[in-house]
Amino acid sequence: MIRKYGEKYLVPEASDTDWLQYGIRSKTLPLIVAPEDFVCKETGKRYFSWPEIMDLQSQNKLPEGWRLPTKEEFQGLVDEFSTDPGDGINPSSALIERLKLTPNGWIIPERLHNYADELELSDYATARGGASGFCGYWTSTVDREREEQYFLTGHRDKPKSFYRPNTLECYAHILSATRDGRLEVTTFPADHGLTVRLVHEIK
């Protein structure tokens, strides 16, 4: 469903779908995957930086019982839902179809602020749609190993000046998939905007 934002913008509205009823049940993990992306009911926002979505999770502002998957859980879902893709289908396309993922792309930090004000999707997102459209989803796992590497060897403008990050949240793990065949659980800059697919534990 789409709703107006003021008189100018169209904003995707959170649906009232019963996620537990229509969710995708894993056969190898005690998880149900939400059948659609998370959209904030108050604002219509669907792109979040990693600190933003983790703040919502820590404040219990996500749908009750639902949370971000860990890196290991996403890897398990990749292993399950990308195997035996079928004739003429690559593993990443199989995963995208089976988990009902959407190639929403990502928003760079400089545009994420504008998106938060306007919630206009197509003008700000990169690598959306098409055969190689990028499906990127946050996990709850921060990449501390890569952060340590950048802390020790990275530098900005001056070759001998070390980059000392303000937090340990510069990189987080995501599920990355494209319809043209790339599929992996990898790292992504935490200050970029990405979409979110939540999971629910099966009791």
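Only a predicted model underlies this, so the values are computations on that prediction, with no experimental measurement involved.

Chemist: Would you mind going over the environment of G105 with me for this structure?
Modeler: Relative to the helices and strands, G105 resides in the loop between α4 (91–98) and α5 (109–118). A residue is classified by how much of its surface remains accessible, and G105, at 1% relative accessible area, is buried. Setting aside residues no more than four positions away along its own chain, G105 makes contact with Y47, T126, A127, R128, F134, G193 and L194.

Chemist: Honestly, the sheet that holds strand β8 (residues 183–189) in this entry has me stumped. Any pointers?
Modeler: What the 3 strands build is an open sheet, ordered β6-β7-β8; its pairing is antiparallel. Looking at the sheet topology across the chains shown, the edges are occupied by β6 (134–142) and β8. Neighbouring strand axes in the sheet, compared pairwise and without regard to direction, differ in orientation by 35° on average. Pairing of β6 with strand β7 (residues 171–178), which is carried by 6 bridges, proceeds in the antiparallel orientation.

Chemist: Looking at this model, I keep getting lost on the side chain of E80. Mind explaining?
Modeler: Examined against the element boundaries, E80 turns out to sit in helix α3 (residues 71–81). Polar contacts involving the side chain of E80 include one to the side chain of T28, which spans 2.8 Å. Residue contacts for E80: discarding those within four places in its chain leaves R25, S26, K27, T28 and R98.

Chemist: How do you make sense of unusual backbone geometry when you look at a structure like this?
Modeler: Despite not being glycine, N60 has its phi angle at roughly 55°, a positive value. Within the chain, K100 stands out as a residue other than glycine whose phi angle is a positive 55°. By secondary structure assignment, the location of K100 is in the loop between α4 and α5.

Chemist: Looking at this structure, how should I read the packing of α3 against α4?
Modeler: A packed helix pair is summarised by two numbers, namely the angle formed by the two axes and the spacing between the axes. Two elements in contact, α3 and α4, have axes whose closest approach is 9 Å; the angle formed by their N-to-C orientations is 105°. Between α3 and α4, the angle falls in the class roughly perpendicular. Between α3 and α4, the contacting residues are L77, V78, E80 and F81 on the first element and A94, L95 and R98 on the second. Here the contact of α3 with α4 is built from residues that sort into 5 nonpolar, no polar and 2 charged.

Chemist: Before we go on, may I ask you to explain the confidence of the model for the protein chain in this structure?
Modeler: One rule of thumb: low pLDDT means the predicted coordinates there are not for detailed reading. The pLDDT averaged across the protein chain works out to 84; a share of 81% of its residues lies at or above 70. This model gives residues 1–5 a pLDDT under 50, and the stretch forms 19 contacts once residues within four places in sequence are excluded.

Chemist: Could you clarify how one ought to interpret helix α2 (residues 50–58) in this entry?
Modeler: Two residues of an α-helix separated by three or four positions point the same way, owing to the 3.6 residues in each turn. All buried positions along α2 are accounted for by W50, I53 and L56. For α2, the buried positions fall inside an angular range of 130° around the axis, keeping them on one side. Those residues of α2 that are buried lie in contact with β6 and β7. Where α2 terminates, the next one or two residues include N60, which has phi positive at roughly 55°.

Chemist: Quick question: what am I supposed to make of the packing of aromatic side chains here?
Modeler: Geometrically, a pair of aromatic rings is defined through the distance of the ring centres and the angle of the planes. Under the criterion given, the structure shown has 7 aromatic pairs. Both rings, one in W138 and one in F188, keep their centres 6.2 Å apart while their planes meet at 70°; by these two values the pair is edge-to-face. Of this pair, W138 sits in strand β6 while F188 sits in strand β8, and the two are 50 residues apart along the sequence. Summarising the burial analysis for this pair, W138 and F188 share the class buried. Among the aromatic residues, those joined into a ring-pair cluster are W106, F134, W138 and F188. When the ring centre of Y171 is taken as origin, the NZ or CZ atom of R146, which lies over that ring, is 4.0 Å away.

Chemist: Mind showing me how you'd approach the pairing of β8 here?
Modeler: Consecutive side chains along a regular strand alternate between the two faces of the sheet. Alignment of β7 against β8, held across 7 bridges, turns out to be antiparallel. From the neighbouring strand, A172 faces β8, where its bridge partner is F188. Remark: 4 residues form the turn of the hairpin made by β7 and β8, two consecutive strands paired antiparallel; G181 in that turn has positive phi of roughly 120°.

Calculation criteria
Residues numbered from 1 in each chain as written. Predicted model: local features only at pLDDT ≥ 70, side-chain atom pairs only at ≥ 80, totals over all residues. Heavy atoms only, no water. Helix = DSSP H or I, 4+ residues; strand = E, 2+ residues; numbered from the N terminus. Buried < 20%, exposed > 50% of the residue type's maximum accessible area, 1.4 Å probe, protein only. Contact = heavy atoms within 4.5 Å. Pairing = 2+ DSSP bridges. Axes fitted to C-alpha atoms, helices over the stretch in contact; angles between N-to-C directions. Polar contact = N/O pair within 3.5 Å; in protein donor to acceptor, adjacent residues only side chain to side chain. Parallel < 35°, antiparallel > 145°, perpendicular 65-115°, else oblique. Nonpolar A, V, L, I, M, F, W, Y, C, P; charged D, E, K, R; others polar. pLDDT = per-residue confidence, 0-100. Arc of directions from axis to C-beta. Phe/Tyr/Trp six-rings, centres within 6.5 Å; stacked < 30°, edge-to-face > 60°. Lys NZ or Arg CZ within 6 Å of the ring centre and 35° of its normal.

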